[in-house]
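# Analysis of the macromolecular model
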Amino acid sequence: MKIKVIYPGTFDPITLGHLDIINKITKIFDFIVIAIFENTKKKPLFSIKERIKLTKTATKKFKTIKKVITFNSLLVQIAKSENINYIIRGIRTSLDFEYELNMFNINKKMYPKLENISFFPSPKCSYISSSLVKEIVRYGGSVKSYVPKSVHLALIKKYRNIPI
Ligand code: COA
């Protein structure tokens, strides 16, 4: 059976934590849509165009990733418009769990067909976050073991004001 799933996030930038989840889901689902939320509330470092580019580059080897899209609306609206009933999320800690459960309940109320499929990241990825990665680079540290090479280069360029 072909199950279509949507993996939403801010992806500012995509990290090896996200890719760990992507690696897992590409082995299970054969139609995956990655949906990048513009998320002005988080004041992203990378523009939406840059995040698409970085995400596409980092995931191009996965044949089951059918689309990388952006959205600036409710997640349920984009899920409905893509005709997708399954949301993929990663749960790193009990704090993530509380947040995800809450989001799921709100989303389910708006879109009753929606289901959530959550994955635990591999332990080596469980402490990575996009904010931490950005902070390390901002202060001159190395994030080579937390992000793909293309993102590592993009981060260095970004903080040196070089176009990526
Ligand atoms: N391993 C390591 N880190 C991970 C990870 C993993 N597997 N999965 C996520 N992360 C990190 C991310 O890097 C991110 O770090 P940051 O907070 O430092 O940026 C953090 O965990 C959470 O990121 P993400 O999973 O991308 O979620 P998000 O909170 O940025 O985005 C949306 C969540 C986009 C799904 C949610 O806000 C949304 O649906 N928004 C649309 C509006 C809406 O419908 N709202 C709900 C109804 S009111």
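Placed above this text is the structure.
Residues numbered from 1 in each chain as written. Predicted model: local features only at pLDDT ≥ 70, side-chain atom pairs only at ≥ 80, totals over all residues. Heavy atoms only, no water.

In the region of the ligand, 24 residues are neighbours, and Thr-10, Lys-42, Ile-128, Ser-130 and Ser-131 sit closest. Here an oxygen atom of the ligand and a side-chain polar atom of Arg-89 are 3.2 Å apart. A distance of 2.8 Å separates an oxygen atom of the ligand from a polar atom in the side chain of Arg-92. Coverage of the ligand by the protein chains reaches 84% of its 950 Å² of free accessible surface. The element contributing the most residues to the shell around the ligand is helix H4 (residues 94-110), with four residues. Class assignment for the residues of the shell around the ligand results in 12 nonpolar, nine polar and three charged. (Near = heavy atom within 4 Å. Polar contact = N/O pair within 3.5 Å; in protein donor to acceptor, adjacent residues only side chain to side chain. Areas by Shrake-Rupley, 256 points an atom, 1.4 Å probe, with all protein chains shown as cover. Helix = DSSP H or I, 4+ residues; strand = E, 2+ residues; numbered from the N terminus. Nonpolar A, V, L, I, M, F, W, Y, C, P; charged D, E, K, R; others polar.)

According to the stated counting rule, one finds six salt bridges in the structure shown. Between Glu-50 and Lys-158 there is a salt bridge, with the nearest N and O atoms lying 2.8 Å from each other. Here Glu-50 is found in helix H2 (residues 48-59), whereas its partner Lys-158 is found in helix H6 (residues 149-159), with 108 residues between them in sequence. By relative accessible area, which is 18% here, Glu-50 ends up buried. (Salt bridge = Lys/Arg side-chain N within 4 Å of Asp/Glu carboxyl O. Buried < 20%, exposed > 50% of the residue type's maximum accessible area, 1.4 Å probe, protein only.)

Here we come to the pairing of strand S1 (residues 4-9). Burial analysis of S1 places five of its six residues in the buried class, which makes it a mostly covered element. In this view, the connection linking S1 to its parallel neighbour strand S2 (residues 31-37) by way of helix H1 (residues 16-26) has right-handed handedness. (Right-handed = clockwise from strand over helix to strand, strands pointing away.)

The next thing to look at is the side chain of Glu-100. Structurally, the position occupied by Glu-100 is in helix H4. Residue class for Glu-100 comes out buried when judged on its relative accessible area of 5%. Residues within four places of Glu-100 in sequence aside, it is in contact with Arg-89, Gly-90, Ile-91 and Asn-116. (Contact = heavy atoms within 4.5 Å.)

Turning to the sheet that holds strand S5 (residues 115-119), a few remarks are in order. If you trace the five strands from one edge of the open sheet to the other, you get S3-S2-S1-S4-S5, paired in parallel fashion. If you trace the sheet from one side to the other, it starts and ends with strand S3 (65-71) and S5, each paired once. Neighbour-to-neighbour, the strand axes of this sheet turn through a mean angle of 30°, independent of strand direction. Set on the sheet, H1 makes contact with S1, S2, S3, strand S4 (86-90) and S5; between it and S1 the angle comes to about 180°. Taken strand by strand, H4 contacts S4 and S5, and its axis lies near 165° from that of S4. (Pairing = 2+ DSSP bridges. Axes fitted to C-alpha atoms, helices over the stretch in contact; angles between N-to-C directions.)

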